[in-house]
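So you can see what is in the structure, the chains are spelled out below.
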Amino acid sequence: MNIVAISGSLRKDSYNTSLLRATQKYAPNGMDISIFDISTLPLYNQDAETEFPKRAQELKDAIESSDGVIIATPEFNRSISGVLKNAIDWSSRPWNKNSFIGKTVLLLGASVGQYGTSMAQQHLKTILLFLDVHVIGQPEFYLSNAGKKFDENGELTDEETIKFLKQALETLVKRM
Ligand SMILES: Cc1cc2nc3c(=O)[nH]c(=O)nc-3n(C[C@H](O)[C@H](O)[C@H](O)COP(=O)(O)O)c2cc1C
């Protein structure tokens, strides 16, 4: 199983990116997870579709050739980050060439707040449903108080979260 993983945070010490690294560490047998860096995508501009940007095409190719997608989203002002929306917008274009169509997507999210990206993920589900994505509804993975769940090297150390993450990855296997 070839999985492409996208972090909605560009921050060097991002908890969401660290969470994706934990998915690589705890991936079930046969699951290969590669993190696609969205920081070098240009800002979406419909004029640029005539000469589709290389990096945006690489993202589309990575999604299309994958068996499934994992998105780890931060919550910014009760929604998803602009950079994540930008990546999704590129992936959905040109019209009728939506790379996400029919893909199974596991949503994860880490936040320093108490509600663990639940609002951001709700928005994200709305966007992904429009793109005909099979969003996994259960388990809902909302990692709250993220500052207490990772060590100083960005390693996920919270045992309960590790266990839950493994369950979420097993669900992804079953739904693909
Ligand atoms: C612009 C901005 C808006 C934020 N809004 C929220 C929010 O609505 N809810 C929340 O739980 N945390 C919010 N936060 C805090 C984030 O949870 C925190 O910065 C987190 O570390 C972001 O994820 P990352 O570690 O992957 O970068 C916000 C942070 C920023 C920079």
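My aim in this report is to walk through the structure given alongside it, one point at a time. (Residues numbered from 1 in each chain as written. Predicted model: local features only at pLDDT ≥ 70, side-chain atom pairs only at ≥ 80, totals over all residues. Heavy atoms only, no water.)

**Re the pairing of strand β4 (residues 104-110)**
Note the cut-off: We call a residue buried when its accessible area falls under 20% of the maximum for its residue type, exposed when it is over 50%, and partly exposed in between, using a 1.4 Å probe and counting protein chains only. Helix numbers and strand numbers start at the N terminus; a helix is a DSSP run of H or I with at least 4 residues, a strand a run of E with at least 2. When DSSP locates at least two bridges between a pair of strands, those strands are taken to pair. With the strands pointing away from the viewer, any crossover whose connection runs clockwise from the first strand over the helix to the second is right-handed.
In terms of residue burial, β4 counts as a mostly covered element, since seven of its seven residues are buried. Burial of β4 is two-sided: the residues Thr-104, Leu-106, Leu-108 and Ala-110 facing one way and the residues Val-105, Leu-107 and Gly-109 facing the other way are all buried. Pairing analysis gives five bridges linking strand β3 (residues 68-73) to β4, with the strands arranged parallel. Across the sheet, Ala-72 pairs through a bridge with Leu-108, a residue of β4. You can see the chain leave β3, run along helix α3 (residues 82-91) and come back into β4, and the turn it takes is right-handed. Pairing between β4 and strand β5 (residues 134-135): two bridges, direction parallel. What sits directly across from Thr-104, in β5, is His-134. Bridge analysis of β4 against strand β6 (residues 142-143) gives two bridges, and the strand direction is parallel.

**Some remarks on helix α1 (residues 15-25)**
What counts is decided by this rule: For this analysis, residues touch if any pair of their heavy atoms sits within 4.5 Å. Two N or O atoms count as a polar contact when they lie within 3.5 Å, although within protein this holds only if one can serve as hydrogen donor and the other as acceptor, and sequence-adjacent residues are included solely when both atoms are side-chain atoms.
Burial in α1 covers these residues: Asn-16, Thr-17, Ser-18, Leu-19, Leu-20, Ala-22 and Thr-23. Contacts made by the buried residues of α1 are with β1 (2-7), β2 (32-36), β3, β4, β6 and α5 (159-175). The N-capping residue of α1, defined by a side-chain oxygen 3.1 Å from the backbone nitrogen of Asn-16, is Ser-14.

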